[in-house]
Amino acid sequence: MQTKNKDIQIVENAEAVSRAAAEILVSLALQKLKSKKSFAVALSGGSTPKRMFSILANEGALREQMPWDRVHFFWGDERHVPPDHADSNYRMTNEAMLSKAPVPFENIHRIRAENPDARKAADDYEQELRGFFKLEAGQLPAFDCVFLGMGPDGHTASLFPETKALHERKRLVVSNWVDKFESYRITMTAPVLNNADIVIFLVSGEEKAEPLQVVLEGDKHTDRFPSQLIEPTHGKLLWFVDRAAAGKLRGQ
Ligand code: 6PG
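Thresholds applied
- Residues numbered from 1 in each chain as written.
- Predicted model: local features only at pLDDT ≥ 70, side-chain atom pairs only at ≥ 80, totals over all residues.
- Heavy atoms only, no water.
- Axes fitted to C-alpha atoms, helices over the stretch in contact; angles between N-to-C directions.
- Helix = DSSP H or I, 4+ residues; strand = E, 2+ residues; numbered from the N terminus.
- Parallel < 35°, antiparallel > 145°, perpendicular 65-115°, else oblique.
- Left-handed = near helix turned anticlockwise from the far one by under 90°.
- Contact = heavy atoms within 4.5 Å.
- Nonpolar A, V, L, I, M, F, W, Y, C, P; charged D, E, K, R; others polar.
- Core = buried A, V, L, I, M, F, W, Y, C linked by side-chain atoms within 4.5 Å.
- Buried < 20%, exposed > 50% of the residue type's maximum accessible area, 1.4 Å probe, protein only.
- Near = heavy atom within 4 Å.
- Polar contact = N/O pair within 3.5 Å; in protein donor to acceptor, adjacent residues only side chain to side chain.
- Areas by Shrake-Rupley, 256 points an atom, 1.4 Å probe, with all protein chains shown as cover.

**Observations concerning the packing of helix 1 (residues 14–32) against helix 2 (residues 47–58)**
- Here helix 1 crosses helix 2 at 55°, and the two axes come no closer than 8 Å. In terms of orientation, helix 1 lies oblique with respect to helix 2. Crossing hand, helix 1 versus helix 2: right-handed. Along its contact with helix 1, which presents Ala14, Glu15, Val17, Ser18, Arg19, Ala21, Ala22, Leu25 and Val26, the element helix 2 presents Thr48, Arg51, Met52, Ile55 and Leu56.
- Here the contact of helix 1 with helix 2 is composed, by residue class, of nine nonpolar, two polar and three charged.

Below is the structure:
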């Protein structure tokens with residue numbers, strides 16, 4: 001399904017979404033690295049990425065083709081917990097992929113969410129991005145690829161409905177208080193996510209069918225459905241969706 005600048009690819013199930021994501025990451029990295037030295041990807045948390053990471057780290061052909069030493073791993077968002085906490089996106093990625101693949105330590109750019117001050121953790125990560133991408137004031141980082149998930153409430157990264165971070169236009173990374181978790185999250189902002197060369201959403205499961213229909217085909221209410229904020233300014237937007245999640249799309 002292809003609309004103006006959205007490409008929606010519907011595949012059989014969550015396993016196929018994870019596999020498609022692993023394959024596209026390897027092929028994008030190989031392609032881009034023909035003309036540049038390093039490839040920067042921002043990862044997300046969630047169950048589909050977890051499987052994607054494990055495919056990348058374990059499956060012969062993909063593991064061998066992945067240019068591990070030239071790919072730099074960042075996170076689009078993190079929970080406000082230390083890196084060994086069960087909720088940590090870094091921990092999940094490390095267990096599923098980073099610790100199992102030949103990834104140089106300096107290629108891992110995690111959010112230091114163990115800082116008790118979530119605002120400082122966000123500031124530090126913003127500095128990390130400024131340093132890596134050598135940004136001047138007012139510039140945005142341009143990730144080669146950003147992976148995102150979408151929650152059943154329409155959130156993406158840690159841009160939750162009706163939260164302050166949705167309106168941030170200057171900062172690259174912010175702490176975002178989320179009432180329903182009674183905690184902070186640390187998240188890249190929409191301008192950063194939208195400045196990537198390609199943004200890839202991974203969405204699976206029946207509980208995503210209704211919000212996905214609204215996000216893709218409904219009126220625009222970005223405060224209620226923050227995934228609608230994602231509209232790359234110059235890059236591509238690709239959705240890998242399984243049949244269950246695509247169940248309510250009308251194909252307009
Ligand atoms: C996180 C995320 C978050 C996630 C969605 C979808 O840290 O939780 O980055 O935005 O992508 O909640 O997660 P699932 O794909 O597991 O439903």
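**A look at the nonpolar core**
- Counting 83 residues, the largest nonpolar core has Phe73, Phe143, Phe147, Met188 and Trp239 as the members making the most contacts within it.
- When residues in this core are grouped by element, the largest group, eight residues, is from helix 1.
- Those residues in contact with phenylalanine 143 that lie beyond four places of it in its chain are Ala40, Val41, Ala42, Phe74, Leu129, Phe133, Met188, Val192, Asn195, Ala196 and Asp197.

**Quick notes on the site of the ligand**
- The ligand sits among 15 residues. The nearest are Asp77, Arg79, Asn89, Ala157 and Lys208.
- Between the ligand and the protein, one listed contact pairs an oxygen atom with a backbone N or O atom of serine 47 at 3.0 Å.
- The fraction of the free accessible surface of the ligand (420 Å²) that becomes covered by protein chains is 87%.
- Among the residues forming the shell around the ligand, the class breakdown is two nonpolar, nine polar and four charged.

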